[in-house]
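Overview (structure and organization)
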There are 2 protein chains.
Amino acid sequence: MAKPWATFGVDLHLEPTGPGIRRGLTDALREAVRTGRLAPGTRLPSSRTLAADQGVARNTVADAYADLVAEGWLTARQGSGTRVAMGIAPARVSPTGVSPARATPTGAGAARAAPTGAGPARVSPAPAGRRAGTGAPPTGTSPAPPPPPRPREPAHPTHNLIPGTPDLGSFPRTEWLKAARRALATAPYQALDYGDPRGRIELRTALAGYLSRARGVRADPDRILVCAGFSHGLRLLGAVLRARGARTVAVESYGLDVHWNLLAAAGLRTAPLPFDDRGTDPGELTGQGAVLLTPGHQFPMGGTLHRDRRAAVVDWARRTGGLVVEDDYDGEFRYDRQPVGALQGLDPDHVVYAGTASKSLAPGLRLGWLVLPPDLMEPVLAAKGHADTCGSLDQLTLAEFLTSGAYDRHVRAARLRYRRRRDALVAELARRAPRVHATGIAAGLHVVLRLPAGTEPAVLRAAAWQRLAVHALDRYQHPQAAVERRDALVVGYGTPPDHAWSGALEALCAVLPE
Amino acid sequence: MAKPWATFGVDLHLEPTGPGIRRGLTDALREAVRTGRLAPGTRLPSSRTLAADQGVARNTVADAYADLVAEGWLTARQGSGTRVAMGIAPARVSPTGVSPARATPTGAGAARAAPTGAGPARVSPAPAGRRAGTGAPPTGTSPAPPPPPRPREPAHPTHNLIPGTPDLGSFPRTEWLKAARRALATAPYQALDYGDPRGRIELRTALAGYLSRARGVRADPDRILVCAGFSHGLRLLGAVLRARGARTVAVESYGLDVHWNLLAAAGLRTAPLPFDDRGTDPGELTGQGAVLLTPGHQFPMGGTLHRDRRAAVVDWARRTGGLVVEDDYDGEFRYDRQPVGALQGLDPDHVVYAGTASKSLAPGLRLGWLVLPPDLMEPVLAAKGHADTCGSLDQLTLAEFLTSGAYDRHVRAARLRYRRRRDALVAELARRAPRVHATGIAAGLHVVLRLPAGTEPAVLRAAAWQRLAVHALDRYQHPQAAVERRDALVVGYGTPPDHAWSGALEALCAVLPE
């Protein structure tokens, strides 16, 4: 162990070459800065750390740093250490995503100065794909350098009523962290290892209890597969169905194109079932291998599948050996009565129950779950592979969140919030747009608004003008669906954070026909 | 909104039927307990909550609860509320994974009593697939009911020296939670939404900075894809290579069968390259579309790819348009000198750099990253789909962990710990098993031990006898590899937690030939 690493400081990869230790180190550092490998603002290891790591004398590193400060590549300031100077134009593409900016001489005082527009790079670009030797130091005399790079966020509309996302501003951050702390405090160290590809047993046990209690699901931890949200689960089911010889999956006339596309990518055709006032009509189910349904709260139309039709779907599955995939995306949110129990409870051997934390907590968690018929676990696991499991820590945290009762408390608070929003929306419609009708049951995070015939295009134009993001219903209509086109909007009243809700409601009312 | 949900308490799904409100509620509750949908020990909502949820008078619920306590299905105790009695044998499969146990009458005092073996169920099983009406109450008189179900853990060997896992007992739980708190405190609410399928920009930015600084990778956040560990990344690359017409991927003579199997599942043959004292010989690279390498630290043999061969690999890629996949699984852990820089730094347009948190932190995080040539991002994203992204919170936490310097501190502490283990192992070998030789560079979390010819079978038998988990080298040898079979072990000295390390070392020395 000739030159052990120091156990303090940060790591810095350097490959000094050429004659002379100081010269080699200086050249390697300069090249790392010049080519952009070390981004502007990066803090370098202390001379003590780098000396230990490189196996050289501390003074050698201090001298190399001093040379590069003098040349303008680095800055040194009492208390904040040695950093790469701001405003260095990288020789090639910048590793931090900022566009090449004007190079500047950087004394200590010039670092982190006010932002400015980008100018032409003064440092001559090196040929792509190889590193040049030492380059010219940055010696321009232009004004202040640009600020350090910031993570980019996509542009957001002023008002967002796109359905599919809960109020992320109300994510229970404090409670979630508490659950994470308790989960990490009690988890055995093996919980951090490669785990059961079905998901952590703690989470599957907690889900089995919750889904049985709250949704009437027949759940056993051994039949639960934790997945990265419903889309991931559907992709796996699609692969299994296709491998079993299915060619077509029956779907509803209304739904999400991402789901149809996922099935198509698995080689499955989607065939829409008829739709009427009692919801999706399963009468045409025949030889399809599977049907994808939202029986608790049709997305986006908002009804519940009629009792007789629930029975007919299960009957079809038993008769033909077909599979029912129940997408229970927002089963937690019914406002006027207890929600209808899961269809899966009628026949757990023919129905896959699919749930998600994306609506009740946040899509960013990427946590969903399938409750599978016994014969499906093995092929679904094979399709999933051991590779793309969800992170243990989030799984343990959600398990703790469920068993501690924090999930129920959060869902009940959210239910009240969304119910108030829905009530406010319905009341405002009655007052300001009496020709617009909210349809569907009092549930979920979205509502379909029927518009007077012929008014939809004007409403959409006005919404775009107001920077109000809202979708027309026909975006959710299956291309082959034999349903009448209707003038209607799908309004995701759950999407805005609380502070933005009243503004979004006002913007919506302003674009609706009086 | 006739019967709004209460905003307190827990959710309980019930579907009362039949004449009479109290009778219907009692029947529905009894059935939920009897069929096992409500597991023994489950706490029921307060009568106030359930009354509000069901839209009935509170006394009705209280009466129903009292009936079921009298029948033995429920227990009521001051301060702990109403619960499902312990020891109820579910009519069908139990939703909590415990085997059916003897049913018991349960006064308040009988709940949560001492564990006992399971007896035959006294409650007659209902036909599978449908719920029967009211069943017989539990009236057995057997001893104490079984304890509440516990999550199951797989059995572990007494000593574990299987390579591939870091010391999970040293996972920096406190520092990780601190980073999670800071990340959640500062993240915009949009960070909890469906996100960029490449991964959170905060993490990609942090990784670009870290990989450039510490591993010499040419990294740009726009070229980084966050994935669920290396296997997930390799599965995506395999799919892309196959779609581009590749038939064969060159691999090393030694490696992991899970990787070969992942490529095979993508329809790709793996062809091993020759291996000699200078490592993998790329001289036979010709028309293969890609090569998978561990150039920094060959797994498991432990050498670094010779400088001339690094150049030859890159040269092959440029000449033929082939792709190099660099698996840098443990690049953080070199003990005697700075690690060799990433091969990717030589040609970021032909080399995919793949890194992971599985060795530096924990596999349970399921976080890895690919740094992709520009033309590969789009097809890899298409193969990945938007569905199976990693959780935002872990990504934000790792970004904070990296930028705060906690990652460097943790890696440096871990490096010291593993280096000491390796030194102790080498010293003990010299003292107690001088005919056994540790090979490879001083790096990583594992070492190959060359055994005297012919001794391997006896060593493995002795290890099994000691309940010492350790692998022979030939498990890591590609079936088509043209290499001599050697008597050797692959020892994962990083695997045991600190408290178990000296015992594992002792057990290892005890089975080695003197």
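Residues numbered from 1 in each chain as written. Chains lettered and ligands numbered in written order. Predicted model: local features only at pLDDT ≥ 70, side-chain atom pairs only at ≥ 80, totals over all residues. Heavy atoms only, no water.

1. A word on the side chain of T455 of chain A
Here is the rule: What counts as a helix is a DSSP run of H or I of at least four residues, what counts as a strand is a run of E of at least two, and both are numbered from the N terminus. In this analysis, two residues are considered to be in contact whenever any of their non-hydrogen atoms come within 4.5 Å of each other.
For T455 of chain A, the position within the fold is in the loop between β14 (447-450) and α12 (456-465). Contact partners of T455 of chain A, with chain neighbours within four places excluded, come to D487 and P513 of chain A.

2. Focus on the pairing of strand β1 (residues 74-77) of chain B
The criterion, for reference: Strand pairing follows a simple DSSP-based rule, namely that at least 2 bridges must link the two strands.
For β1 of chain B and strand β2 (residues 81-84) of chain B, the ladder comprises four bridges, and the chain directions are antiparallel. Residue pairing across strands places L74 of chain B opposite V84 of chain B, the latter belonging to β2 of chain B.

3. Overview of the confidence of the model for chain A
Residue and element names in this part refer to chain A. The condition is simple: Per-residue confidence from the prediction method is given by pLDDT, with values spanning 0 to 100.
Per-residue pLDDT for chain A averages 84, and the proportion of residues at 70 or more is 84%. Predicted confidence for residues 92-154 stays below pLDDT 50, and this span has 129 contacts to residues more than four positions away or in other chains. On the interface metric, ipTM, the complex scores 0.80, and its pTM is 0.80.

4. Here we look at the packing of helix α2 (residues 47-54) of chain B against helix α3 (residues 58-71) of chain B
Residue and element names in this part refer to chain B. Formally: Structural elements are reduced to axes, namely lines fitted to C-alpha atoms, with helices fitted over the stretch in contact, and the angle between N-to-C directions of any two is expressed from 0 to 180 degrees. Angle categories: roughly parallel below 35 degrees, roughly antiparallel above 145, roughly perpendicular from 65 to 115, and oblique for all the rest. In this scheme the handedness of a crossing depends on how the near helix is turned from the far one: anticlockwise by less than a right angle means left-handed, clockwise means right-handed. Here the term charged refers only to Asp, Glu, Lys and Arg, the term nonpolar to Ala, Val, Leu, Ile, Met, Phe, Trp, Tyr, Cys and Pro, and the term polar to all other amino acids, Gly among them.
Interaxial distance between α2 and α3 falls to 8 Å at its minimum, and their mutual angle equals 120 degrees. The angle between α2 and α3 places the two elements in the oblique class. The hand of the α2/α3 crossing is right-handed. Together, S47, R48, L50 and A51 of α2 and R58, V61, A62 and Y65 of α3 make up the contact between the two elements. Taken together, the residues that form the contact of α2 with α3 break down as five nonpolar, one polar and two charged.

5. Observations regarding the sheet that holds strand β9 (residues 290-293) of chain A
Residue and element names in this part refer to chain A. Across the sheet, which stays open at both edges, the seven strands sit in the order β4-β12-β11-β10-β9-β5-β6 with mixed pairing between neighbours. Edge positions in the open sheet fall to β4 (224-227) and β6 (269-272), since each of these has one partner strand only. For this sheet the average axis-to-axis angle between neighbouring strands, irrespective of direction, equals 20 degrees. Alignment of strand β10 (residues 323-327) against strand β11 (residues 351-356), held across four bridges, turns out to be parallel.

6. A few points about the pattern of salt bridges
Put simply, the test is: For this analysis, a salt bridge means a side-chain nitrogen from Lys or Arg found within 4 Å of a carboxyl oxygen belonging to Asp or Glu. For every residue, the accessible area obtained with a 1.4 Å probe (protein chains only) is divided by the maximum for its type, and the residue is called buried under 20%, exposed over 50%, and partly exposed between those limits.
Applying the stated criterion across every chain, the model contains 62 salt bridges over all chains. Between D27 of chain A and R30 of chain A there is a salt bridge; the shortest N-O distance is 3.0 Å. Of this pair, D27 of chain A and R30 of chain A both sit in helix α1 (residues 21-34), three residues apart, roughly one helical turn. Of the two residues examined, D27 of chain A and R30 of chain A, each falls in the buried class. Among the salt bridges present, the one from R417 of chain A reaches D498 of chain A, with a minimum N-O distance of 3.6 Å. With R417 of chain A in helix α11 (residues 406-432) and D498 of chain A in helix α13 (residues 498-511), the pair connects residues that are 81 residues apart, well separated along the chain. Here the salt bridges share partners, and the residues they tie into one network are D11 and D53 of chain A together with R412 and R415 of chain B.

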